[in-house]
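An overview of the molecular structure
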Amino acid sequence: MFELKHVSMEKNGKKIIENATFKLEYSGLVWLKGASGSGKSTILRIMCALEKPSSGEIFYKGVSIYEFNIPEFRSKCIYVPQMPILGQMNVMDCIRLPFSFKSNANKIFDDKKLNDLLEYFELQDATEKNINQLSGGEKLRIAIIRALLLDPECLLLDEPTSALDAKMEQKTLQLLKSLSEKKLIVSSFHTESIKEFCTQKIEIKDRYAIAS
Ligand SMILES: Nc1ncnc2c1ncn2[C@@H]1O[C@H](COP(=O)(O)OP(=O)(O)O)[C@@H](O)[C@H]1O
Ligand SMILES: [Mg+2]
């Protein structure tokens, strides 16, 4: 589904990613592994066209991602940053907001799925609140729920379990694993427990991305 070809990234004269070349299937849970500062967030941002690499090409279903209408591409392929900026509004309004975008006109809001996800992530009480009353971990889970309701073809997640306790971390990994049977999920994780859940690993080491 995704193909990176000779992707390199330099920032302020510093080489961050060098010649990253790999292919990802249409489904599966891909573990983007690497030390802090190795370039995981940079790769995810490049894949959703938020950052343009210094050189190289990125293809989504065989088409260069820069040929897509960007809002439409980001509706197929949703990126959830580690610290999502959700604004200051009621949590329900925040969850519903992207459904009002033209690029999501074909998406139907599923109340049952929302309730199931809120229950799964133990956030039933959050819907009455304002975003600024949520903790960092709660905001991240709301952003993930919102992305899942939009049911994208591909999900790019940046350390989705970093602010979770051990039980919630396991639940999240299990859910991502089961969803990845039908969609591609590319995610950075620090926890080694992802080992038993992932179908592929891309490890960034000394600027090089090694697929295995
Ligand atoms: N705007 C920037 N200018 C210069 N260097 C940057 C910038 N943003 C990130 N970096 C550097 O790029 C490297 C990779 O960052 P990042 O992709 O956030 O790594 P990770 O997500 O693996 O922790 C780090 O060394 C970081 O310091
Ligand atoms: Mg990062």
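To start, this report covers the structure provided alongside it. Worth saying up front: this structure is predicted, and the values here are computed from it rather than measured.

The rules we used
- Every chain is numbered on its own, with residues counted from 1 as its sequence reads.
- Each chain gets a letter, beginning with A, and each ligand a number, beginning with 1, in the order they are written.
- At least 70 in pLDDT is required for a residue's local features to be given in this predicted model, at least 80 for side-chain atom pairs to be given and counted, and no such filter applies to totals for whole chains, interfaces and linings, which use all residues.
- Each side-chain value is worked out from all heavy atoms of the structure, with water and hydrogens disregarded.
- When accessible area is computed with a 1.4 Å probe and restricted to protein chains, residues below 20% of their type maximum are described as buried, those above 50% as exposed, and intermediate ones as partly exposed.
- Numbering goes from the N terminus for both helices and strands, where a helix is a DSSP run of H or I of at least four residues and a strand is a run of E of at least two.
- Whether a set of points on the 1 Å grid over the protein atoms alone is a cavity depends on a 1.4 Å probe fitting there but being unable to get out, while an open set qualifies as a pocket with protein on both sides within 12 Å along at least five of seven lines; lining residues are those with an atom within 4 Å of a point.
- Grid points are joined across faces, edges and corners, and a volume is the space filled by probe spheres set on the points.
- Gly is put with the polar residues, along with every residue not named as nonpolar or charged; the nonpolar set is Ala, Val, Leu, Ile, Met, Phe, Trp, Tyr, Cys and Pro, and the charged set is Asp, Glu, Lys and Arg.
- Any two strands with at least two DSSP bridges between them are considered paired.
- We define proximity as follows: a residue is near a molecule or strand when any one of its heavy atoms falls within 4 Å of that partner.
- Here a polar contact means two N or O atoms within 3.5 Å. Within protein one must be a hydrogen donor candidate and the other an acceptor candidate, and residues neighboring in sequence count only if both atoms are side-chain atoms.
- In this description, accessible areas are obtained by the Shrake-Rupley approach with a 1.4 Å probe, and a residue is regarded as covered only by the protein chains that are shown.
- Any two residues whose heavy atoms approach within 4.5 Å at even a single point are treated as in contact.
- Axis geometry follows a simple rule: fit a line to the C-alpha atoms, using only the stretch in contact for helices, then measure angles between N-to-C directions, giving values from 0 to 180 degrees.
- In what follows, a disulfide is any cysteine sulfur pair within 2.5 Å.
- When two rings of Phe, Tyr or Trp (its six-membered ring) have centres within 6.5 Å they constitute a pair, described as stacked for plane angles under 30 degrees, edge-to-face for angles over 60, and tilted for the intermediate range.
- Two limits define a charge over a ring: the Lys NZ or Arg CZ must be within 6 Å of the ring centre, and within 35 degrees of the ring normal.

This brings us to helix H1 (residues 40–47). Burial of H1 is extensive: 6 of the 8 residues sit out of reach of the surface. Of all the residues in H1, the buried ones are Lys40, Thr42, Ile43, Leu44, Ile46 and Met47.

Rolled over the atoms, a probe sized like a water molecule indicates the empty space that remains. For the largest pocket, the calculated volume is near 620 Å³. Along the walls of the largest pocket sit 25 residues, with Ile78, Tyr79, Pro98, Phe101 and Arg146 positioned nearest its centre. Contributions of two or more residues to the lining of the largest pocket are made by helix H2 (70–76), strand S6 (77–80) and helix H5 (136–149). Looking at side-chain class alone, the lining of the largest pocket contains 20 nonpolar, 3 polar and 2 charged residues. Of the volumes computed, that of the second largest pocket is approximately 160 Å³. Elements that contribute at least two residues to the lining of the second largest pocket include exactly strand S2 (14–24) and strand S9 (200–205). For the lining of the second largest pocket, the leading source of residues is S2, giving 3 residues.

With that settled, consider the pairing of strand S4 (residues 55–60). Two strands pair when backbone bridges link them, and strand S1 (residues 2–11) and S4 are joined in this way by 5 bridges, in the antiparallel orientation. Bridge pairing in S4 places Glu3 opposite Phe59. Here S4 pairs with strand S5 (residues 63–64) via 2 bridges, running antiparallel. If you follow Phe59 over to S5, its bridge partner there is Ser64. In this antiparallel pair of consecutive strands, S4 and S5, the connection spans 2 residues, and Lys61 shows a positive phi of 50°.

For Lys61, which is not glycine, the phi torsion reads 50° and is therefore positive. Following the sequence through the fold, Lys61 ends up in the loop between S4 and S5. By relative accessible area, which is 38% here, Lys61 ends up partly exposed. You will see that Asp206, though not glycine, has its phi angle at about 45°, which is positive.

Surveying the vicinity of ligand 1 reveals the residues Lys11, Asn12, Lys14, Ile16, Ala35, Ser36, Gly37, Ser38, Gly39, Lys40, Ser41 and Thr42. Interatomic distance of 3.4 Å between a side-chain N/O atom of Lys11 and a nitrogen atom of ligand 1. Within the backbone of Gly39, one N or O atom sits 3.0 Å away from an oxygen atom of ligand 1. Protein burial of ligand 1: of its 570 Å² of free accessible surface, 63% is covered by the chains.

Overall, antiparallel pairing links the 4 strands, which are arranged S2-S1-S4-S5 in an open sheet. In this open sheet, the two edge strands, each paired with only one partner strand, are S2 and S5. Sitting on the sheet, H1 touches S1, S2 and S4, and the angle it makes with S1 is about 125°.

Here we come to the sheet that holds S6. Hydrogen bonding along the main chain pairs the strands of a sheet, whether they run parallel or antiparallel. In spatial order, the strands read S6-S7-S8-S3-S9-S10; together these 6 strands make up an open sheet with mixed pairing. Here the strands that pair on one side only, and so sit at the sheet edges, are S6 and strand S10 (208–211). Here the strands of the sheet are splayed against their neighbours by 15° on average, with no regard to which way each runs. Here S6 runs beside strand S7 (residues 154–158); their pairing, made up of 4 bridges, is parallel. Following the sheet pairing, Val80 is matched in S7 by Leu157.

Scanning the entire structure with this criterion turns up 0 disulfides. In this model Cys77 remains outside any disulfide bridge; the closest cysteine sulfur is found in Cys154, 3.7 Å from its own. Take Cys77: its relative accessible area is 1%, and that puts it in the buried class.

Tallied over the full model, the rule gives 6 aromatic pairs. When the centroid spacing of 5.3 Å and the interplanar angle of 80° are considered together, the rings of Tyr60 and Phe73 count as edge-to-face. With Tyr60 in strand S4 and Phe73 in helix H2, the pair connects residues that are 13 residues apart, well separated along the chain. Here Tyr60 and Phe73 have matching classes, each one buried. Pairing Phe99 with Phe109 gives two aromatic rings, centres 4.9 Å apart and planes at 75°, and the pair type is edge-to-face. Of the two residues, Phe99 is situated in the loop between helix H3 (91–96) and helix H4 (111–120) and Phe109 in the loop between H3 and H4; the sequence distance between them amounts to 10 residues. On the basis of relative accessible area, Phe99 is assigned to the buried category, the value being 16%. With relative accessibility at 16%, the residue Phe109 sits in the buried group. By the ring-pair criterion, three or more aromatic residues cluster together here, those being Phe2, Tyr60, Phe68 and Phe73. A cation over an aromatic ring shows up here: Lys171 above the ring of Tyr120, its NZ or CZ 4.7 Å from the ring centre.

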